Amino acid sequence: MLLNASGCLDALTAPEVARSLDAFVTKTVTPLPRDGNTPVRIAETDVGMLNSIGLANPGIDRFMTRNLSQLEKLGVPLWVSVGGFETDDYAEICLRLDDNEEVAAIELNVSCPNVEAPVESATEIVAAARLATRKPLWAKLSPAVPDIAEVARAAQAAGADGLSLVNTIRGLKLDTATLRPVLGPGHGGLSGPALKPIALAAVASCYRATEMPIVGMGGVQTGLDALELIAAGARHVALGTVLFSDPDAPARVRTELHAAAAERGWKSYDDAYAVAHEEVLSSRTTT
Ligand SMILES: Cc1cc2nc3c(=O)[nH]c(=O)nc-3n(C[C@H](O)[C@H](O)[C@H](O)COP(=O)(O)O)c2cc1C
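This is a predicted model, so every value here is computed, not measured.

(A) Highlighting the overall build of the protein. When helices and strands are counted, the protein shows 10 helices and 12 strands. The C-alpha radius of gyration computed for the protein amounts to 19 Å, which stays within 12% of the reference 19 Å derived for 287 residues, consistent with globular compactness. In terms of overall dimensions, the protein has C-alpha extents of about 65 × 55 × 40 Å along its principal axes. When burial is assessed residue by residue, the protein has 52% of its 287 residues classed as buried. Within the protein, residue pairs in contact and separated by at least 24 positions form 69% of the contacts whose partners lie at least 6 positions apart. With an accessible surface of roughly 13,500 Å², the protein has 53% of that area assigned to carbon and sulfur atoms. Positive and negative side-chain charges of the protein, numbering 24 and 35 respectively, have mean locations separated by a distance of 3 Å.

(B) Structural view of the packing of aromatic side chains. Going through the model one piece at a time under the given rule, you end up with 2 aromatic pairs. Here tryptophan 79 and tryptophan 138 contribute two aromatic rings whose centre-to-centre distance is 4.9 Å and whose plane-to-plane angle is 35°, an arrangement assigned as tilted. On the criterion of sequence distance, the pair formed by tryptophan 79 in strand S5 (residues 78-82) and tryptophan 138 in strand S7 (residues 137-141) is long-range, its members being 59 residues apart. Judged on exposure class, the residue tryptophan 79 and its partner tryptophan 138 are both buried. The interplanar angle of 85° and the centroid separation of 5.8 Å between the aromatic rings of tyrosine 207 and tyrosine 273 together place this pair among those described as edge-to-face.

(C) Representation of the site of the ligand. Every one of the 24 residues lining the ligand counts as a neighbour, but Thr28, Lys140, Gly192, Gly219 and Thr241 are closest to it. Within the contact set of the ligand, an oxygen atom lies 2.8 Å away from a backbone nitrogen or oxygen of valine 166. Between the ligand and glycine 192, the relevant distance is 2.8 Å, taken from an oxygen atom to a main-chain nitrogen or oxygen of the residue. Here the ligand, which alone exposes 610 Å², has 97% of that area covered by the protein. A breakdown of the residues in the shell around the ligand according to their chemical character gives 9 nonpolar, 13 polar and 2 charged.

(D) Examining a negative patch on the surface more closely. Taken together, the side chains of Glu120, Glu124, Asp147 and Glu150 make up a negatively charged region of the molecular surface. Inspection of the secondary structure assignment puts glutamate 124 in helix H4 (residues 118-132).

(E) The arrangement of the pattern of salt bridges in detail. Under the counting rule described, the total for this entry stands at 10 salt bridges. A salt bridge links arginine 96 to aspartate 61, with the shortest nitrogen-to-oxygen separation between them at 2.9 Å. Of the two residues, arginine 96 sits in helix H3 (residues 87-98) while aspartate 61 sits in helix H2 (residues 59-72), which places them 35 residues apart along the sequence. A salt bridge links glutamate 256 to arginine 252, with the shortest nitrogen-to-oxygen separation between them at 3.2 Å. Remark: arginine 252 and glutamate 256 occur in helix H9 (residues 249-263); sequence separation between them is 4 residues, near one turn of the helix.

(F) Highlighting the side chain of asparagine 167. Note that asparagine 167 resides in the loop between strand S8 (162-165) and strand S9 (169-171). Judged by its relative accessible area of 15%, asparagine 167 falls in the buried class. At a separation of 2.9 Å, a polar atom in the side chain of asparagine 167 contacts the side chain of serine 111. Discounting residues that sit within four places of it in the chain, asparagine 167 has contacts with Asn109, Ser111, Lys140, Leu141, Ser142, Pro143 and Leu195.

Rules used in this analysis
- Residues numbered from 1 in each chain as written.
- Predicted model: local features only at pLDDT ≥ 70, side-chain atom pairs only at ≥ 80, totals over all residues.
- Heavy atoms only, no water.
- Helix = DSSP H or I, 4+ residues; strand = E, 2+ residues; numbered from the N terminus.
- Rg over C-alpha atoms; globule rule 2.2 N^0.38 Å.
- Buried < 20%, exposed > 50% of the residue type's maximum accessible area, 1.4 Å probe, protein only.
- Contact = heavy atoms within 4.5 Å.
- Areas by Shrake-Rupley, 256 points an atom, 1.4 Å probe, with all protein chains shown as cover.
- Lys, Arg positive; Asp, Glu negative; His and termini not counted.
- Charge placed at Lys NZ, Arg CZ, Asp CG, Glu CD.
- Phe/Tyr/Trp six-rings, centres within 6.5 Å; stacked < 30°, edge-to-face > 60°.
- Near = heavy atom within 4 Å.
- Polar contact = N/O pair within 3.5 Å; in protein donor to acceptor, adjacent residues only side chain to side chain.
- Nonpolar A, V, L, I, M, F, W, Y, C, P; charged D, E, K, R; others polar.
- Patch = residues over 30% accessible without salt bridge, like charges linked within 9 Å, V, L, I, M, F, W, Y side chains within 5 Å.
- Salt bridge = Lys/Arg side-chain N within 4 Å of Asp/Glu carboxyl O.

Laid out in structure tokens, this is it:
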């Protein structure tokens, strides 16, 4: 499946892009409306993009009454990304979404809350969400933790059905004239090409630790990038930053993905699943 990364596509202003995906993932929704951080919120760097959006969203009430009914009309399976600052925030939103037939899955944005105790935080949030809903739960993890496989195992034990890997990693850009931070809040989340090796490593270690279904994301620009994530252990791939510069990326990446798999002798890109973990039978080892 090809999805968008949360926060990287506004399906209501670009419905045709959303329809070119196998599922649309919403921007993270929190219990109360949030204006987000002070501008500037987006900056380009040589190796990707920095954002400090700060979870700007209409809040769950307006999301349910206004956004959700419009999103349902897209005819694309909907994944709702859920965020919060306390465990109860997640449980409350999951409970509200549970009865809604249009919501195919819930992605728990557990990347933010307690960065000092990521394992405990993931356990609490996933367990509370699990009690609140029967919908498939995908835990979205931050790569900025000492051992992401440990967090993945905790999410699995608490009842997650899959993992979304990875969220952004903290970065800073300075204005070259003033040498002051470009972004309003100072630092921001780095996404795009710089994240690809980090995403590959996270997917590979979480695959080995859990064998759970994984949505891989981080710096995917081409079909070959997507195929690499699949080889590392991702079942699905999400497009993020690339959508800002290339709204046609879903169709292009799909075509390139099929071609990249065919070039390597596979009928389908699914055949590349987790091959990075198989031993390489080189001519030296076989003779
Ligand atoms: C502008 C922007 C907004 C984002 N908003 C969210 C968000 O609301 N929730 C979330 O879980 N991730 C959010 N992300 C992170 C992306 O979903 C994704 O994990 C990350 O950008 C890595 O993928 P990429 O390198 O392909 O962009 C955001 C990223 C960007 C660039």
